[in-house]
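Summary of the model geometry
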Amino acid sequence: MKKKILVTGGAGFLGSHLCEKLLNEGNEVVCLDNYFTGQKKNVIHLLNNPYFELIRHDVTMPFFIEVDQIYNLACPASPIHYQYNGIKTIKTSVMGAINMLGLAKRIKARVLQASTSEVYGDPSVHPQVEEYWGNVNPIGERACYDEGKRCAEALFMNYHRQNNVDIKIIRIFNTYGPRMHPNDGRVVSNFIVQALKGEDITIYGDGSQTRSFCYVDDLLNGMVKLMNSRDGFVGPVNVGNPNEFTIKELANKVIELTNSKSKLITMPLPSDDPLQRKPDISLAKKELDWEPKVQLEEGLKKTIEYFQSII
Ligand code: NAD
Ligand code: UDP
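Residues numbered from 1 in each chain as written. Chains lettered and ligands numbered in written order. Predicted model: local features only at pLDDT ≥ 70, side-chain atom pairs only at ≥ 80, totals over all residues. Heavy atoms only, no water.

Here we come to the overall build of the chain. The helix and strand inventory of the chain stands at 9 helices and 13 strands. Relative to the globule expectation of 19 Å for 311 residues, the C-alpha radius of gyration of the chain, 19 Å, shows essentially globular dimensions. Structurally, the chain occupies a C-alpha span of about 55 × 45 × 40 Å along its principal axes. Residues classed as buried in the chain amount to 54% of the 311 residues present. With the model as given, the accessible surface of the chain reaches about 13900 Å², and the carbon-plus-sulfur share is 51%. (Helix = DSSP H or I, 4+ residues; strand = E, 2+ residues; numbered from the N terminus. Rg over C-alpha atoms; globule rule 2.2 N^0.38 Å. Buried < 20%, exposed > 50% of the residue type's maximum accessible area, 1.4 Å probe, protein only. Areas by Shrake-Rupley, 256 points an atom, 1.4 Å probe, with all protein chains shown as cover.)

Here it is in structure tokens:
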């Protein structure tokens, strides 16, 4: 059945793909964004669609609308961007969550929070299961993002328990794909842009830290499945690709796939950079019947094609 859906952060990387997917599935979509890290360009191809509406708005301010579902994605996701103004990042996570939960409560909408694997911090449990409480430095440089997202999860659970708000929480692990901003600063876009331009590939630390990279289409399938999952299942649920790679392996893969002459150079490891990360996705498999389908090489090829077209 056609639904009216609000997507906050809808002009960003994940949000723009989500708006497109929801429209393709026959829904009406309202996209809300303050264009901090997102851009109109990401959704310009949707503007002719009469079922799509784009609104400039900051989620730290209240917003009123009648919708059936709310996807709350507004928040910068790349360390360089969320650390640019840490206070604003915390406000976006916390006040954004309060505003969207208040709205959901009033209009009786279902609301999904885009949480993150960062709630596990530098994890001492590997792979990460949802029951693990995490290892986050509350006063470090990543705290504005990690603690902001942890507080948002707490708010979601409290609105659910106290006010019966219909919530879902997804913990997203590193996701990449076309439409990442060339200056996004995250590792996949950095390495591809550097390789295509023949510039040095910047490995932070010795490159032995690991991440598990999920292709955007897989991630969004999991997100929409969670939004439409059975009543009473709120999560949090990990969604990501459990294949784990070192950052050095990623760099070599990107060089191979782009046929680049770029050299690897090392730069200082940012503080509190997690050593390892890999989702346990048993819960997503069981509750959502979801698992990723696109493996790293295939996803990287599509992402490289995108960056080739814009550089
Ligand atoms: P992104 O930076 O491309 O998108 C975030 C969007 O939110 C941008 O369009 C930005 O302009 C908007 N935004 C930021 N602050 C806002 C505010 N105060 N009001 C309104 N809009 C605001 O990042 P993304 O990768 O698309 O991430 C989307 C969501 O998914 C974020 O909440 C992020 O924390 C979460 N997430 C992403 C990943 C990932 O690997 N991509 C991993 C974990 C969690
Ligand atoms: N990284 C890197 N070079 C870069 C960008 C990132 O070596 O140009 C490393 C970073 O230190 C981290 C990993 O790649 O260990 C993933 O970084 P990203 O910012 O993409 O995501 P997050 O740390 O939030 O998982």
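Having seen the structure, we can now continue with the description.
Neighbouring ligand 2 are 18 residues; Asn-190, Thr-202, Arg-211, Asp-273 and Arg-277 lie closest to it. Within the side chain of Asn-190, one N or O atom sits 2.8 Å away from an oxygen atom of ligand 2. Calculation on ligand 2 without its partners gives an accessible area of 520 Å², and the protein chains cover 95% of this total. For the shell around ligand 2, the elements supplying multiple residues, two or more each, are α5 (187-197) and β8 (201-204). For the shell around ligand 2, the class distribution of residues is 7 nonpolar, 5 polar and 6 charged. (Near = heavy atom within 4 Å. Polar contact = N/O pair within 3.5 Å; in protein donor to acceptor, adjacent residues only side chain to side chain. Nonpolar A, V, L, I, M, F, W, Y, C, P; charged D, E, K, R; others polar.)

One open sheet holds the 7 strands; their spatial order is β3-β2-β1-β4-β5-β6-β11, and the pairing between them is parallel. Each end of this open sheet is capped by a strand with a single partner; those strands are β3 (52-56) and β11 (237-239). Averaged over all adjacent pairs, the angle separating strand axes in this sheet is 20°, with direction ignored. One ladder, built from 5 bridges, connects strand β2 (residues 28-33) with β3; its direction is parallel. Its bridge partner being in β3, Cys-31 is matched across the sheet by Leu-54. Against the sheet, helix α3 (residues 86-107) touches β1 (4-8), β4 (69-72), β5 (110-116) and β6 (166-172), its axis set at about 175° to β4. Across the sheet, helix α4 (residues 143-163) is in contact with β5 and β6; its angle to β5 comes to roughly 155°. (Pairing = 2+ DSSP bridges. Axes fitted to C-alpha atoms, helices over the stretch in contact; angles between N-to-C directions. Contact = heavy atoms within 4.5 Å.)

With that settled, consider the nonpolar core. Core analysis: the biggest nonpolar cluster contains 56 residues, and Leu-18, Tyr-71, Met-223 and Leu-300 have the highest contact counts within it. Here this core gets 7 residues from one element, more than from any other, and that element is helix α6 (residues 216-227). Excluding its chain neighbours within four sequence positions, the residues that come into contact with Leu-300 are Tyr-176, Val-188, Ile-192, Leu-250, Lys-253, Val-254 and Leu-257. Leu-6, Ala-74, Ala-97 and Leu-155 belong to the second largest nonpolar core, which has 26 residues in total. (Core = buried A, V, L, I, M, F, W, Y, C linked by side-chain atoms within 4.5 Å.)

Turning our eyes to something else, we now look at the site of ligand 1. Taken together, 30 residues form the shell around ligand 1, and within it Leu-14, Asp-33, Thr-37, Tyr-145 and Thr-175 come nearest. Tyr-145 places a side-chain nitrogen or oxygen 2.6 Å from an oxygen atom of ligand 1. Burial of ligand 1 by the protein amounts to 97% of the accessible area it has alone, namely 820 Å². Listed by contribution, the elements that provide at least two residues to the shell around ligand 1 are α1 (13-24), α3, β5 and α4. Classifying every residue of the shell around ligand 1 by side-chain character gives 14 nonpolar, 11 polar and 5 charged.

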